[in-house]
Amino acid sequence: MTSPYRHDSADPVADPVAETSIGEIIGNISNDLSQLFRQEVELAKAEIRQEATKAGKAAGMLGGAGFAGYLAVLLLSFAVVFGLGNVIDYGWAFLIVGIVWAAIGAVLFVNGRKKLKTVDPVPRRTAETLKEDAQWLKNPTG
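Quantities reported herein were computed from a predicted structural model and do not represent experimental measurements.

Engineer: Let's hear about the overall build of the protein: which residues, and what values?
Structural biologist: Broken down by element type, the protein carries four helices and zero strands. In the protein, the order of α-helices and β-strands from amino to carboxyl end is α-α-α-α. A total of 142 residues make up the protein; the buried ones form 13% of that total. Sequence-distant contacts, at least 24 apart, represent 72% of the contacts inside the protein between residues at least 6 apart. Accessible area for the protein stands at about 11000 Å²; split by element, carbon and sulfur atoms hold 67% of it.

Below is the structure:
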């Protein structure tokens, strides 16, 4: 009968930790750190993509506001011309349409600017996990 405390090299259930060399441990740590770094880079990419999408939507609204502003200027210009030319008829109609376009442009501009202020170019979650990783590397046991 063999003792449970005896370490036999022919024993298939030998402790794998005891047989692991320092080089293997360092290699494992290096592989784990590489994998962790790749995961952090992927997280940063995902966060940046999300913020870029928000910025794109806000830029689209600002573009819409620019187009509406252009139409407002165009129609208000026609309104002045026709208002002076016809004294009331066509000019006032163009003026009303121009004011409506100006209001639409103002609403789009305000909403676009508000959305643009919510864009955060810094990947906050990645920064937090990098801080946690650095803290773990300083004190891996807890």
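Engineer: Tell me about the environment of Ala102, and please be specific about residues and values.
Structural biologist: By the secondary structure assignment, Ala102 is in helix α3 (residues 89–117). On the basis of relative accessible area, Ala102 is assigned to the partly exposed category, the value being 35%. Between the C-alpha atoms of Ala102 and Tyr70, which are 32 residues apart in sequence, the distance is 9.1 Å.

Engineer: Provide a residue-level description of the confidence of the model for the protein, including the pertinent values.
Structural biologist: Regions with low pLDDT should not have their predicted coordinates read in detail. Across the protein, the average pLDDT comes to 78, with 79% of residues at 70 or higher. Per-element confidence in the protein ranges from a low mean pLDDT of 64 for helix α1 (residues 16–19) to a high of 84 for helix α2 (residues 22–86).

Engineer: Account for the pattern of salt bridges, with residues named and values stated.
Structural biologist: Inspection of every chain in the model, using the stated rule, returns two salt bridges. The closest approach of N and O atoms between Glu42 and Lys45, which form a salt bridge, is 3.6 Å. Of the two residues, Glu42 and Lys45 are both situated in helix α2; the distance of three residues between them amounts to about one turn of the helix.

Engineer: Kindly report on a nonpolar patch on the surface, identifying the contributing residues and their values.
Structural biologist: A surface patch of nonpolar side chains, about 690 Å² in accessible area, is lined by Ile22, Ile25, Ile26, Ile29, Leu33, Trp136 and Leu137. At the level of secondary structure, the elements contributing two or more residues to the nonpolar patch comprise α2 and α4 (124–138). It is α2 that provides the largest number of residues to the nonpolar patch, a total of five residues. Tracing the sequence through the fold places Leu137 in helix α4.

What counts, and where the lines are drawn
Residues numbered from 1 in each chain as written. Predicted model: local features only at pLDDT ≥ 70, side-chain atom pairs only at ≥ 80, totals over all residues. Heavy atoms only, no water. Helix = DSSP H or I, 4+ residues; strand = E, 2+ residues; numbered from the N terminus. Buried < 20%, exposed > 50% of the residue type's maximum accessible area, 1.4 Å probe, protein only. Contact = heavy atoms within 4.5 Å. Areas by Shrake-Rupley, 256 points an atom, 1.4 Å probe, with all protein chains shown as cover. pLDDT = per-residue confidence, 0-100. Salt bridge = Lys/Arg side-chain N within 4 Å of Asp/Glu carboxyl O. Patch = residues over 30% accessible without salt bridge, like charges linked within 9 Å, V, L, I, M, F, W, Y side chains within 5 Å.

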